[in-house]
Amino acid sequence: LDERSRAENELKASLKNLRRSQSIARIGNWTLDLATNIFTASEEGLRLFGIPNQASPPFDEIASLIDDADRPRLRAVVSESLKTGNPYRVEMLIRTRDTGEKRHILSIGEVERDENGSPVRITGLNLDITERKLSEIALRESEELVRKKLDAILRPEGDIGTLSLSDVLDSR
């Protein structure tokens, strides 16, 4: 009994550490049962979508949170994965159910098959990559602004009317 109690305490501590690690990394694991269409996820996996802990929503509810423009791409990569058995990686924009906040998610999934080779579930993880995506967008916008300013300075037909003196001079 003492050995069992120690093992239970170690398991509880391990699960607590896993939950904390997932929260810090903003990553959640999940499983989609293909027979029932039920989405089961870790606490963080649900939080990423703004869904209360312990919920097991139908996948249609999860799909409704994915941006309309990204749903066809997700369907295509999942369909391909179901056919080939290869894992998939796809980035998508979602809106959380609770607040409507936009989040960029990297979803990685792998199909599990039964003894007959038929797909039975997809298991994967979702990673919140919102900060990275916003940085990439800001960098692209900054590069475009620099390109326009250089065009205005270096090309005779450039539109210098949009430049100020600080655009031309290094103000550092």
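Rules and cut-offs
Residues numbered from 1 in each chain as written. Predicted model: local features only at pLDDT ≥ 70, side-chain atom pairs only at ≥ 80, totals over all residues. Heavy atoms only, no water. Helix = DSSP H or I, 4+ residues; strand = E, 2+ residues; numbered from the N terminus. Pairing = 2+ DSSP bridges. pLDDT = per-residue confidence, 0-100. Core = buried A, V, L, I, M, F, W, Y, C linked by side-chain atoms within 4.5 Å. Buried < 20%, exposed > 50% of the residue type's maximum accessible area, 1.4 Å probe, protein only. Contact = heavy atoms within 4.5 Å. Salt bridge = Lys/Arg side-chain N within 4 Å of Asp/Glu carboxyl O.

Caption draft 1: Just unusual backbone geometry, in detail. One non-glycine residue with positive phi stands out, namely Arg 26, at about 55°. Tracing the chain through its elements places Arg 26 in the loop between helix H1 (2-25) and strand S1 (27-33).

Caption draft 2: The pairing of strand S4 (residues 102-113), seen in detail. In this structure, strand S3 (residues 88-95) lies alongside S4, joined through eight bridges in antiparallel fashion. Bridge pairing in S4 links Leu 93 to His 104. Counted along the chain from S3 to the antiparallel partner S4, the turn is six residues long, and its residue Gly 100 has a positive phi close to 80°. What sits between the antiparallel neighbours S4 and strand S5 (residues 119-128) is a turn of five residues, in which Gly 117 has the positive phi angle 90°.

Caption draft 3: Quick peek at the confidence of the model for the chain. Averaged over every residue, the pLDDT of the chain is 89; the share at 70 or more is 90%. S4 holds the highest mean pLDDT among the elements of the chain, 98, whereas helix H6 (residues 165-168) holds the lowest, 61.

Caption draft 4: Region of interest: the nonpolar core. By size, the foremost hydrophobic cluster in this structure holds 20 residues, and its most contacted members are Trp 30, Phe 49, Leu 74, Tyr 88, Met 92 and Ile 122. Of all the secondary structure elements, the ones that give two or more residues to this core are S1, strand S2 (38-41), helix H4 (71-84), S3 and S4. Of all the elements, S3 adds the most residues to this core, at four residues. Here Trp 30 is in contact with Phe 39, Thr 40, Ala 41, Tyr 88, Ser 107, Ile 108, Gly 109, Ile 122, Thr 123, Gly 124, Leu 125 and Asn 126, once residues within four sequence places are set aside.

Caption draft 5: Here's a closer look at the environment of Arg 75. Its place among the elements puts Arg 75 in helix H4. For Arg 75, a relative accessible area of 55% corresponds to the exposed category. Put simply, Arg 75 and Ala 63 are 12 residues apart on the chain and 9.7 Å apart in space, counted from C-alpha to C-alpha.

Caption draft 6: Looking closely at the pattern of salt bridges. Scanning the entire structure with this criterion turns up 16 salt bridges. Between Arg 71 and Asp 68 there is a salt bridge, with the nearest N and O atoms lying 2.9 Å from each other. Here Asp 68 falls in the exposed class, since its relative accessible area comes to 56%. For the salt bridge of Asp 128 with Arg 103, the shortest nitrogen-to-oxygen distance reads 3.9 Å. With Asp 128 in strand S5 and Arg 103 in strand S4, this residue pair connects regions lying 25 residues apart in the sequence. Pair check on accessibility: Asp 128 and Arg 103 agree, each one buried. Salt bridges here are not isolated pairs; linked through shared partners, they connect Arg 26, Glu 101, Arg 103 and Asp 128.

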